[in-house]
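# Architecture and fold: a report
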Amino acid sequence: MSLFSEAQQVIAGGVNSPVRAFAGVGGDPVFFRSATGAWVEAEDGRKFIDYVGSWGPMILGHGHPAVLEAVTTTAQSGLSFGAPCVLETRIAEKICELMPAIEKIRMVSSGTEATMSAIRLARGHTGRDKIIKFEGCYHGHSDSLLIKAGSGALTLGVPSSPGVPAGLAEHTITLPFNDADALAAVFGELGSEIACVIVEPIAGNMNMVPPEPGFHDSLRRHCTDAGAVLIFDEVMTGFRVAKGGAQSLFGITPDLTTLGKIVGGGMPAAAFGGRADIMASLAPDGPVYQAGTLSGNPVAMAAGLATLELIDVAGFYESLAARTQQLVDGISRAAADNGIPLATECEGGMFGLVFSDDAVVRRFDQVAAADTDRFKTFFHGMLDEGVYLAPSAFEAGFVSAAHGDDEINATIAAARNVFANL
Ligand code: HOZ
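Residues numbered from 1 in each chain as written. Predicted model: local features only at pLDDT ≥ 70, side-chain atom pairs only at ≥ 80, totals over all residues. Heavy atoms only, no water.

### Some remarks on the environment of proline 254
Heads up, the rule is: Each helix is a run of DSSP H or I of at least 4 residues and each strand a run of E of at least 2, with the numbering of both proceeding from the N terminus. Any two residues whose heavy atoms approach within 4.5 Å at even a single point are treated as in contact.
Tracing the backbone shows proline 254 in the loop between α9 (245–250) and β9 (256–259). Along the chain, proline 254 and leucine 219 lie 35 residues apart, while their C-alpha atoms are 9.5 Å from each other. Residues within four places of proline 254 in sequence aside, it is in contact with Ala101, Arg220, Leu230, Phe232 and Gln247.

Here it is in structure tokens:
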């Protein structure tokens, strides 16, 4: 019996998170047994250059010695206290330093918890119910946010999940990403009822879709004018596209920011934070309740803090961005040489590849219209060549500091081989 069949006997769908099941590309998922640097190794011994990086956290590459040291040393002193520890304060200080819009923070255990809690806080703080999100953006799997969502919801064709009560869904207004006119119209009509706008500042769960120039400025302006809370969901982009996140690239100060992935350095940690006056509405200072047994877990804090210290060195992002650009340029050239239309994006250590006839992709409908069959063939071709990409046409890719010339060049050569037979 295959490992996947065994897993299917006891795990729903055989996986603990849907995109991993390969439903978006067909075939059985690869089971990993270890990972080092830019590489992952499967249970059957195959090795792959990894562009998933645990879906974003592994910006330093797998198994960075300083992160492992921090984790093992901390673990020796206790796996979990359920009480305050100094590491929580240290990582909070570091995050606030790297992202000055975060004046106060709260650590949680997953990106879903971070966004769910930020939404509740925004609602509790403003006393309003309505929220705005954008089509194809994914903010985790809590009820208010699983409406026209990206990532696995899109991959599996259930962007609006059954199980979300209609009475709750009616408070979520979903608008097209990058459509400033639609935003203005909704604020014109309902501005005083809107608790918050939540956005992935660079969408990364409908492949990678950057904002149009000025889009975030209009979000900021409308939220400020209407007294609504602007939430930048930087679970994916935080410390990934730039040291200060996407907000530093676009010069926007959100009211709240959600973080995950890199902030846990590969351990389950995430966070939300922002304006001190809003965060003061959170229990125990204020009435909005949020809690978690493993929130601020010392081992996760140690991994996250070690990671944040290592990315905060001169030249880190310049070098990461150059590597990512080298990869994307090489793949782009290989596609063009073989007459294959491919729209590409990259920023910092994040990239996107969309098999679209449109050279520039800025809207969800463009991603939805892309050639997913071609992506499936490309994905499996790359897998056969020893390159592990996200098993869905709707996910972004990630390069780490451990990806060197050898890995990048081998990946470009692999893409060239695959494109020649597409
Ligand atoms: N939501 C993640 C991708 N954007 C997938 C998580 C996982 O399968 O681990």
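Additional details are given in the paragraphs that follow.
### Some words on the nonpolar core
Put simply, the rule reads: Only buried Ala, Val, Leu, Ile, Met, Phe, Trp, Tyr and Cys residues count toward a nonpolar core, and they belong to the same one when joined by side-chain atoms within 4.5 Å. Working definition: with a 1.4 Å probe on protein chains only, accessible area under 20% of the residue-type maximum means buried, over 50% means exposed, and in between means partly exposed.
Core analysis: the largest hydrophobic core is formed by 70 residues, its most contacted members being Tyr51, Ile95, Phe239, Leu308, Ile311, Phe378 and Phe419. Among the elements that take part in this core, helix α11 (residues 298–311) stands out by supplying nine residues, more than any other. Not counting the four nearest positions on each side in its chain, phenylalanine 378 is found in contact with Leu353, Phe355, Leu389, Ala415, Val418, Phe419 and Leu422. Of all hydrophobic cores here, the second largest spans 33 residues; its members include Leu183, Val199, Ala203 and Val354.

### With respect to the packing of helix α2 (residues 65–76) against α11
Note the threshold: Between N-to-C directions, angles span 0 to 180 degrees; the directions come from axes that are lines fitted to C-alpha atoms, helices contributing only their stretch in contact. Orientation labels follow simple angle bins: below 35 degrees gives roughly parallel, above 145 gives roughly antiparallel, 65 to 115 gives roughly perpendicular, and whatever is left gives oblique. The hand of a helix crossing depends on one turn: near helix anticlockwise from the far one by less than a right angle means left-handed, and clockwise means right-handed. Three residue categories are used. Nonpolar comprises Ala, Val, Leu, Ile, Met, Phe, Trp, Tyr, Cys and Pro, charged comprises Asp, Glu, Lys and Arg, and polar comprises the others, including Gly.
Orientation of α2 relative to α11, taken along the N-to-C sense of each, is 155°, at an axis distance of 8 Å. With respect to their mutual orientation, α2 and α11 come out roughly antiparallel. As α2 packs across α11, the resulting crossing turns out to be right-handed. In contact with Ala66, Val67, Ala70, Val71, Thr74 and Ala75 of α2, α11 contributes Pro298, Val299, Ala302, Ala303, Ala306, Thr307 and Leu310. For the contact of α2 with α11, a count of residues per class yields eleven nonpolar, two polar and no charged.

### Let's talk about helix α3 (residues 86–98)
Put simply, the rule reads: To estimate the expected span of a helix, count its residues, drop one, and scale the result by 1.5 Å. The arc under discussion is defined with respect to the helix axis, by the directions toward the C-beta atoms.
Its 13 residues give α3 an end-to-end C-alpha distance of 19 Å, which sits within 8% of 18 Å, the value for a rise of 1.5 Å per residue. Taken together, the buried positions of α3 are Ile91, Ala92, Lys94, Ile95 and Leu98. Down the axis of α3, the buried side of the element spans an arc of 165°, and every buried residue falls inside it. Opposite the buried face of α3, at more than 90 degrees from it, the exposed residues are Val86 and Glu97. Where α3 is buried, its residues meet β4 (104–108), β9 and α11.

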